[in-house]
Amino acid sequence: MLFEEITEKDFDFITEVYNYYILNSTCIYFTIPLSVDDVKSIIPFNHPTYKTYVAKINNETIGFCYFNRFQKRQAFDISVEIAIYIAPAHTKKGYGQKMLSFLEILIQKNNFQNIVATVNSTNNESVKLFKRNHYKCVGKFNNIAKKFDQKLTLLFYQKELHLKNVFRLQCR
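Residues numbered from 1 in each chain as written. Predicted model: local features only at pLDDT ≥ 70, side-chain atom pairs only at ≥ 80, totals over all residues. Heavy atoms only, no water.

Draft legend 1. Structural detail: the sheet that holds strand E3 (residues 60-69). Across the sheet, which stays open at both edges, the 7 strands sit in the order E1-E2-E3-E4-E5-E7-E6 with mixed pairing between neighbours. The sheet is open, and its two borders are formed by strand E1 (2-5) and strand E6 (136-147), each paired with just one other strand. Adjacent strand axes in the sheet meet at a mean angle of 25°, parallel and antiparallel pairs treated alike. Note: strand E4 (residues 79-86) against strand E5 (residues 114-120), 3 bridges, orientation parallel. Bridge pairing in E5 places Glu81 opposite Val116. Across the face of the sheet, helix H3 (residues 95-109) comes into contact with E1, strand E2 (51-57), E3, E4, E5 and strand E7 (150-160) while running at roughly 155° to E4. (Pairing = 2+ DSSP bridges. Helix = DSSP H or I, 4+ residues; strand = E, 2+ residues; numbered from the N terminus. Axes fitted to C-alpha atoms, helices over the stretch in contact; angles between N-to-C directions. Contact = heavy atoms within 4.5 Å.)

Right under this line is the structure:
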């Protein structure tokens, strides 16, 4: 799998994937499709610290992932929030694991200390991915949103990074 930092030309693909999940799942809490400009306001683009990458297999873009500011208050600058999106034709092939591992290495190299992921409780594949990678469920907002006439529960997963984790990743 090859990762490339996004460019302007990637936004049509990113918007298409994002809108697919808006219209067909509860993993994204928007209910109306977004424009390219809307997506540009959500994910990091041309930012010196926070980054978005497309993932490619055999020169085909199959997904995107990013790490972004967790909160817009300076005390939270030690933490990032991550997101991983895979085009529907490429799910359940282990690509989420590769994308998560890639993000974790970058995040650690940038000296962040915490990774946060917000996941809908019915997104079983994401829940399993984060648990398998030693993220702890540290929060749960029951019935916090409604989409497709269904109440949604939002889970907060956190992984605290320590120097020993950086060493272990470099030695693999």
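Draft legend 2. Representation of the nonpolar core. One finds Phe67, Ile82, Ile107, Phe130 and Tyr157 to be the most contacted residues of the largest nonpolar core, which totals 29 residues. Among the secondary structure elements, those contributing two or more residues to this core are E2, E3, E4, H3, E5, helix H4 (124-132) and E7. With 7 residues, H3 is the single largest residue contributor to this core. Leaving out residues up to four positions away in the same chain, Ile82 has contacts with Tyr66, Phe67, Leu100, Leu103, Ile107, Ile115, Val116, Ala117, Phe130 and Tyr135. Formed by 18 residues, the second largest nonpolar core is a distinct cluster that contains Val39, Tyr66, Ala83 and Ala87. (Core = buried A, V, L, I, M, F, W, Y, C linked by side-chain atoms within 4.5 Å. Buried < 20%, exposed > 50% of the residue type's maximum accessible area, 1.4 Å probe, protein only.)

Purely geometric stuff here, so don't read any function into it on its own.
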